[in-house]
Amino acid sequence: SVLVPNVISFNAAMSSCEKAKNWQQALDLLAMMQKDDLLPDAISFNAAISACEKSEQWQQAFGLLAAMQKADLLPDLIGCNAAISACEKSAQWQQALGLMLAMQKADFVPNAISCNAAISSCEKGDQWQYAFGIIAVMEKSELAPDVISYSAAGAACEKGAQWQQALELLAALQKA
C-alpha cells in the first residue's frame with residue numbers, strides 16, 4: 001500500500017519550515033496541498049504565516065490572511081498575531097496598527113501578544129505616540145499591559161526623546 005500525505009503531515013512539515021525560517025518552502029507546501037486536493041485548514045495557514053513571520057515577510061503573511069478568507073476560513077488570533085509580529089520585525093508599524101484595527105472591527109479581541117507586537121512595531125518605526133496610545137487603550141480595557149508592553153513603549157519614548165512619557169510608563173508599571 002502507498003502512503004499518502006494528509007493535512008496533518010503537511011502541517012507538521014510547514015511547522016518545521018517555520019522553525020527553519022524557510023518561508024518559501026512553507027508556501028510551496030501549502031500550494032502542494034491544494035494541488036493534491038487537500039484542503040488546508042487554519043493550522044495550515046497559521047503554520048505558513050508563522051514561517052513568514054520568522055523570516056520578516058509581512059506582505060506574504062498578509063497575503064495568507066487574505067487567502068484564508070478566500071478559502072472560507074476565518075483568521076484566528078494565532079495567525080493575526082504572527083502577521084502583526086511579522087510587521088514588528090519589519091518595522092511596518094502602519095500595517096501592524098491596521099491589522100489591529102481590522103481585528104477590532106471584526107469583533108476580534110487582540111491579546112497581550114497582539115498589543116505587544118504592535119507596540120514594538122511602533123517603537124521600531126519611531127512612533128512613540130502610537131505606542132503610548134496602545135498602552136492607554138490596554139489600561140482602559142480588560143487587557144492589562146505587562147512588563148513587555150511597558151518596556152516596548154518606554155523604548156519608543158526613549159527613541160522619541162519623550163522622557164516625561166517614559167516616566168509615566170515607569171510609574172504605571174510600578175503600580176501594576
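What you are looking at is a predicted structure, and each value in this text was computed from that prediction instead of being measured. (Residues numbered from 1 in each chain as written. Predicted model: local features only at pLDDT ≥ 70, side-chain atom pairs only at ≥ 80, totals over all residues. Heavy atoms only, no water.)

Engineer: Honestly, the packing of helix 1 (residues 7-19) against helix 2 (residues 23-35) in this entry has me stumped. Any pointers?
Structural biologist: When two helices pack together, their arrangement is captured by the angle between the axes and the distance separating the axes. Interhelical geometry of helix 1 versus helix 2 gives an angle of 165° and a closest axis separation of 8 Å. Overall, the two elements helix 1 and helix 2 adopt an arrangement that is roughly antiparallel. Here helix 1 runs over helix 2; the crossing is left-handed. Residues Val7, Phe10, Asn11, Ala13, Met14 and Cys17 of helix 1 lie in contact with helix 2, whose contacting residues are Gln25, Ala26, Leu29, Leu30, Met32 and Met33. Partitioned by chemical class, the residues of the contact of helix 1 with helix 2 number ten nonpolar, two polar and no charged. (Axes fitted to C-alpha atoms, helices over the stretch in contact; angles between N-to-C directions. Helix = DSSP H or I, 4+ residues; strand = E, 2+ residues; numbered from the N terminus. Parallel < 35°, antiparallel > 145°, perpendicular 65-115°, else oblique. Left-handed = near helix turned anticlockwise from the far one by under 90°. Contact = heavy atoms within 4.5 Å. Nonpolar A, V, L, I, M, F, W, Y, C, P; charged D, E, K, R; others polar.)

Engineer: What is the right way to look at the side chain of Ser44 in this model?
Structural biologist: With respect to the helices, strands and loops of the structure, Ser44 is situated in helix 3 (residues 42-54). The class for Ser44 is buried, based on a relative accessible area of 0%. Reaching out from Ser44, the side chain makes a polar contact with the side chain of Asn11 at a distance of 2.5 Å. In terms of polar contacts, Ser44 uses its side chain to reach the side chain of Asp41, at 2.9 Å. (Buried < 20%, exposed > 50% of the residue type's maximum accessible area, 1.4 Å probe, protein only. Polar contact = N/O pair within 3.5 Å; in protein donor to acceptor, adjacent residues only side chain to side chain.)

Engineer: Can you walk me through helix 2 in this structure?
Structural biologist: Residue pairs three or four apart in sequence face the same way in an α-helix, which turns once every 3.6 residues. With 13 residues, helix 2 ought to run about 18 Å at 1.5 Å a step, and its terminal C-alpha atoms sit 18 Å apart, in line with that. Those residues of helix 2 that fall on the buried side of the exposure criterion are Trp23, Ala26, Leu27, Leu29, Leu30 and Met33. All buried residues of helix 2 fall inside an arc of 155° around its axis, so they share one side. Its buried side turned inward, helix 2 meets helix 1, helix 3 and helix 4 (58-70). Where helix 2 terminates, the next one or two residues include Asp37, which has phi positive at roughly 60°. (Expected span 1.5 Å × (residues − 1). Arc of directions from axis to C-beta.)

Engineer: Help me understand the environment of Gln59 in this model?
Structural biologist: Positionally, Gln59 belongs in helix 4. Along the backbone, Gln59 and Phe108 are 49 residues apart, and their C-alpha atoms lie at a distance of 21 Å.

Engineer: Mind showing me how you'd approach the packing of aromatic side chains here?
Structural biologist: We describe a pair of aromatic rings using the distance from one ring centre to the other and the angle between the two ring planes. Under the counting rule described, the total for this entry stands at two aromatic pairs. Between Trp58 and Phe62, the ring centres sit 5.8 Å apart and the planes meet at 90°, which makes this aromatic pair edge-to-face. Highlighted residues: Trp58 and Phe62, both in helix 4, separated by four residues, approximately one helical turn. The exposure class assigned to Trp58 is buried, which follows from its relative accessible area of 16%. Exposure remark for Phe62: the relative accessible area of 22% places this residue in the partly exposed category. (Phe/Tyr/Trp six-rings, centres within 6.5 Å; stacked < 30°, edge-to-face > 60°.)

Engineer: Would you mind showing me how to read a nonpolar patch on the surface here?
Structural biologist: Side chains of Trp163, Leu167 and Leu170 sit close together on the surface and give an oily, nonpolar patch of about 350 Å² of accessible area. For Trp163, the location among the structural elements is in helix 10 (residues 163-175). Classification of Trp163 as exposed rests on a relative accessible area of 57%. (Patch = residues over 30% accessible without salt bridge, like charges linked within 9 Å, V, L, I, M, F, W, Y side chains within 5 Å. Areas by Shrake-Rupley, 256 points an atom, 1.4 Å probe, with all protein chains shown as cover. Salt bridge = Lys/Arg side-chain N within 4 Å of Asp/Glu carboxyl O.)

Engineer: So what exactly am I meant to see when it comes to the packing of helix 7 (residues 112-124) against helix 8 (residues 128-140) here?
Structural biologist: Between helix 7 and helix 8, the shortest axis-to-axis distance is 8 Å and the interhelical angle comes to 160°. Here helix 7 lies roughly antiparallel to helix 8, going by the angle between them. Every pair of crossing elements has a handedness; the one defined by helix 7 and helix 8 is left-handed. Two secondary-structure elements touch here, helix 7 through Cys115, Asn116, Ala118, Ile119 and Cys122 and helix 8 through Tyr130, Ala131, Ile134, Ile135 and Met138. Within the contact of helix 7 with helix 8, the residues separate by chemical class into nine nonpolar, one polar and no charged.

Engineer: Explanation requested: helix 6 (residues 93-105) in the structure shown.
Structural biologist: Along its 13 residues, helix 6 runs 18 Å from first to last C-alpha, staying within 8% of the 18 Å computed at 1.5 Å per residue. Contacts from the buried residues of helix 6 go to helix 4, helix 5 (77-89), helix 7 and helix 8. Following helix 6 by one or two positions, Asp107 adopts a phi angle in the positive range, close to 55°.

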